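Read off the chains here:
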Amino acid sequence: MQPDKLHAEVVRKYSEHINPYLAKLMNFAGFGVEVKGEGCYLYDQDGKRYLDCLGGYGVFSLGHRHPRVIEAVKKQLDELPLSGKTFFSKNQADLAERLSMVTPSGVDYSFFSNSGAEACEAAIKFVKATTGRAKIVSTEGSYHGKTIGGLSCTGRSKYRKRFEPLMPGVVFVPYADTQAAVDAIDSSTACMIVEAVQGEGGIHVPPDGYLTAIRARCDAVGALLVIDEVQTGLGRTGEMFGCDHEGVAPDVMTLAKCLGGGVMPIGATCFTKQVCDSMFAENPLLHTSTFGGNPLACAAGLAALDVIETEGLVERSASTGAHLKAGLTGLKDKYDLVSDVRGRGLMIGIEFAMDEVGELTIAQIVKRGMIAAYTLNNPRVIRIEPPLIITKEQADTAVAIMNEAIGETQEILAALA
Ligand SMILES: Cc1ncc(COP(=O)(O)O)c(C=O)c1O
């Protein structure tokens, strides 16, 4: 089929059978039809190559179609793709053990699911069962998924409003405000759930000591600490986990996105023995998932952890991230439109001074062969989350494209003024 025709057909089917409003939004940004991915690049229906600086919102840390993950999944496909759920699964056992070796001390158990939201749902249930308490402290601007439990802990009213009343007992405090968090956590609190770097809220890095203080307060009142590492986990911020920057161990940690190596969907809720005993001793089936921990996804997860280790992706994230952030910070000095550049490792946000600028700039970026998007809860912030395998040269290309895109946006705005 002709590329133009293919694009039109897909947009029509989206409009008629998926979501016409989403189709319009994606069309406005100039997004094509994804046809192939390889390393740091995505190709559209015209064969046009895009430097993927969004990385599937953190999914493609290993790049697209990493050969070792593909090989592991293909091998598993020929043996046993899905689990019958009655026998033991070797892949699931291996992945749970491997995770316990990299997660903070004491976080030794894993429950596997299929997405970040499911990982957070499990976390919510686990802390309620463990503490027998209902109050949850979360943060404004946070994102923990769009299922009812995850949404109840998500700090943006735009996504919550039409589904209220949501799960009761959730209170929100400003992110990165240590005193507000400490004051909100009391003896009726089941947990505080918090991102190690707030992603969808606009890439906010908390001050040093933030998680440490929350950990101490939770311990003092018998509350649990849930750290949502769905986006920050497995090298994204330049440490294996975002909480490793402070050496803080949570009671429960959620993972998803790049855990499947960019090939399979998988979510994981990792937790301590105390949580395990409280949750499962009485009823081992208190929380289950038909597809969670399936052999294909776990094969991908095991291969992904191998690649992260052998290719030194955590260290690369730190060093390439520093290089990229320095380049992008230069744009802040150059353009009044850019009000801030911040982030950790390869999780970087560029904040604009006005609301619409992010959207306009994204269209310019896509036109120039790069993919980026704004953060869901803060459209003023464009996130740069490329694969951790990105080279310094590719990072320089990203800065050059951003420079041109912001420059053109500035010209458009000046012409409209
Ligand atoms: C921190 C965090 N938690 C949870 C989620 C939900 O993950 P999913 O979209 O896989 O349900 C996301 C997704 O962006 C996230 O960034």
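Caption draft 1: How the structure looks around the domain arrangement of the chain. Along its sequence, the chain is carved into domain 1 (31-60 + 312-416) and domain 2 (67-310). Look at where the C-alpha atoms of domain 1 and domain 2 centre, and you get two points 27 Å apart. Taken together, the contact between domain 1 and domain 2 spans 28 residues of the former and 32 residues of the latter. Looking only at domain 1, the three residues that lose the most surface to domain 2 are Arg-344, Met-347 and Asn-377, adding up to 32% of its buried area. For the pair domain 1 and domain 2, the interface holds 2 salt bridges. Between Arg-344 and Asp-208 there is a salt bridge; the shortest N-O distance is 3.8 Å. Taken together, the connections running from domain 1 to domain 2 amount to 21 residue pairs in polar contact (both at pLDDT 80 or more). Residues of the side of domain 1 that touches domain 2, tallied by class, amount to 15 nonpolar, 9 polar and 4 charged.

Caption draft 2: Local environment of the pattern of salt bridges. Across all of its chains, the model carries 22 salt bridges by this definition. A salt bridge links Glu-385 to Arg-383; the nearest nitrogen and oxygen atoms lie 3.1 Å apart. On the basis of relative accessibility, which here comes to 0%, the residue Glu-385 falls in the buried class. With a relative accessible area of 0%, Arg-383 lands in the buried category. The network of salt bridges with common partners includes Glu-9, Arg-12, Lys-13 and Glu-16.

Caption draft 3: Representation of the confidence of the model for the chain within the structure. Taken over all residues, the pLDDT of the chain has a mean of 96, while the share at 70 or more is 100%. Mean pLDDT across the elements of the chain bottoms out in strand 14 (residues 373-375) (87) and peaks in strand 10 (residues 267-271) (99).

Caption draft 4: Spotlight on the site of the ligand. Within the structure, the ligand sits among Ser-115, Gly-116, Ala-117, Tyr-143, His-144, Gly-145, Glu-195, Glu-200, Asp-228, Val-230, Gln-231 and Lys-257. Note that an oxygen atom of the ligand is positioned 2.7 Å from one of the side-chain N or O atoms of Gln-231. Contacts to the ligand include Lys-257, whose side-chain N or O atom sits 2.9 Å from an oxygen atom. Contact with the protein chains hides 82% of the accessible area of the ligand, taken as 390 Å² for the molecule alone.

Caption draft 5: Here's a closer look at the layout of surface pockets. Taken as a whole, the second largest pocket holds about 710 Å³ of empty space. Residue lining of the second largest pocket: 22 residues in total, with Lys-85, Gln-92, Ser-110, Phe-111 and Pro-284 positioned closest to the centre. Mapped by element, the contributors of at least two residues to the lining of the second largest pocket are helix 5 (90-102), strand 4 (109-113) and helix 11 (273-280). The element contributing the most residues to the lining of the second largest pocket is strand 4, with 4 residues. Grouping the constituent residues of the lining of the second largest pocket by class yields 12 nonpolar, 9 polar and 1 charged.

Parameters at a glance
Residues numbered from 1 in each chain as written. Predicted model: local features only at pLDDT ≥ 70, side-chain atom pairs only at ≥ 80, totals over all residues. Heavy atoms only, no water. Domains from an automatic or database assignment. Contact = heavy atoms within 4.5 Å. Buried area = accessible area lost by both parts, 1.4 Å probe. Salt bridge = Lys/Arg side-chain N within 4 Å of Asp/Glu carboxyl O. Polar contact = N/O pair within 3.5 Å; in protein donor to acceptor, adjacent residues only side chain to side chain. Nonpolar A, V, L, I, M, F, W, Y, C, P; charged D, E, K, R; others polar. Buried < 20%, exposed > 50% of the residue type's maximum accessible area, 1.4 Å probe, protein only. pLDDT = per-residue confidence, 0-100. Helix = DSSP H or I, 4+ residues; strand = E, 2+ residues; numbered from the N terminus. Near = heavy atom within 4 Å. Areas by Shrake-Rupley, 256 points an atom, 1.4 Å probe, with all protein chains shown as cover. 1 Å grid on protein atoms, 1.4 Å probe; cavity = no way out; pocket = protein on both sides within 12 Å on 5 of 7 lines; lining within 4 Å. Points joined across faces, edges and corners; volume = space filled by probe spheres on them.

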